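# Structure assessment
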Amino acid sequence: MIDETLLEAEEKMDKALEVAKEDFAAIRTGRANAAMFSKIFVEYYGSPTPLQQLASFNVTEARTVLISPFDKTAMTAIEKALRDSDLGVNPANDGNVIRVVLPALTEERRRDYVKLAKSKAEEARVSVRSVRRKAKDLIDRAVKDGEIGEDEGSRAEKELDAVTKRHTDEIDVILAAKEAELLEV
């Protein structure tokens, strides 16, 4: 029962870590990458569709992305979604592809992105701690009900704390890397 609880908690913490990695990838840095467009939805035939399902991406230079829509009729909708996004870009349409040139980040904008990254990291830490709290409640309840002994319960708690620390430390490492990437000029 304890092993199941610990395994389930670790799986949920791993998922929280993956979500954090995806969130960090979506934060814009000075360089272009396709992950920046992962959270953009396009109004396509009346329903919001992820941009990544409507087009292919080609990073030609450090700050230039070519977006090739699979359906040329969706070009204006893709352009509109890009303009309305929080990326701060002005796409150029040449009839076949949409060219997105990312403007250079100002120092103020970099600081804003660092703040955003820190808030995403804190959300991930809160999620990990929430998983820990639920698992600890299950362990405490099992000890109280007499299903397991107190020694086994405290051992499981220490193991849970170690797993939690490992995940929060990994979130901190990812955050530090993202901060360094954002602040490099």
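Right, let's walk through the structure included here. (Residues numbered from 1 in each chain as written. Predicted model: local features only at pLDDT ≥ 70, side-chain atom pairs only at ≥ 80, totals over all residues. Heavy atoms only, no water.)

### Regarding a negative patch on the surface
As a reminder of what qualifies: Residues enter a patch when their relative accessible area is above 30% and they make no salt bridge; the linking distance is 9 Å between like charges and 5 Å between nonpolar side chains (Val, Leu, Ile, Met, Phe, Trp, Tyr). Residue burial considers only the protein chains on display, and all accessible areas are found by Shrake-Rupley using a 1.4 Å probe. Salt-bridge detection follows one rule: a side-chain nitrogen of Lys or Arg within 4 Å of a carboxyl oxygen of Asp or Glu. For the purpose of charge, His is not counted, nor are the chain termini; Lys and Arg are scored as positive and Asp and Glu as negative. For this purpose, a charge sits on NZ of Lys, CZ of Arg, CG of Asp or CD of Glu. Runs of E in the DSSP output that reach at least two residues are strands. Runs of H or I that reach at least four are helices, and both are numbered from the N terminus.
On the surface, a cluster of negative charge is contributed by D3, E4, E150, D151 and E152. Residue assignment for the negative patch shows that the elements contributing at least two residues are helix 1 (2-26) and helix 4 (150-183).

### Observations regarding helix 2 (residues 75-84)
Short version of the rule: Residue burial is assigned from relative accessible area. The probe radius is 1.4 Å, only protein chains are included, and a residue is buried under 20% of its type maximum, exposed over 50%, and partly exposed in between. Note that the arc is defined by the directions from the helix axis to the C-beta atoms. What makes two residues a contact is simply this: any of their non-hydrogen atoms within 4.5 Å.
When helix 2 is considered as a whole, its buried residues turn out to be M75, I78, E79, A81 and L82. Buried positions in helix 2, seen along its axis, are confined to an arc of 165° and lie on one side of it. In helix 2, the exposed positions angled more than 90 degrees off the buried face are occupied by T76, K80 and D84. Tucked into the core, helix 2 has its buried residues touching strand 1 (41-44), strand 4 (64-69), strand 5 (92-93) and strand 6 (98-101).

### Considerations on the sheet that holds strand 6
Consider a sheet: its strands pair through backbone hydrogen bonds, and that pairing is either parallel or antiparallel. Put simply, the rule reads: Criterion used throughout: strands pair if DSSP finds at least two bridges between them. Axis definition: a line fitted to C-alpha atoms, over the contacting stretch in the case of helices. Angles run 0 to 180 degrees between N-to-C directions.
Read from one edge to the other, the open sheet built from four strands follows the order 3-4-6-5, with strand pairing classed as antiparallel. The outermost strands of the open sheet, each flanked by one partner alone, are strand 3 (55-61) and strand 5. Sheet topology places strand 5 next to strand 6; two bridges connect them, and they run antiparallel. Looking at the pairing, N93 lines up with I98 of strand 6. Relative to the sheet, helix 2 contacts strand 4, strand 5 and strand 6, its axis offset from that of strand 6 by approximately 15°.

Note that all results are geometric; they support no functional claim without further evidence.
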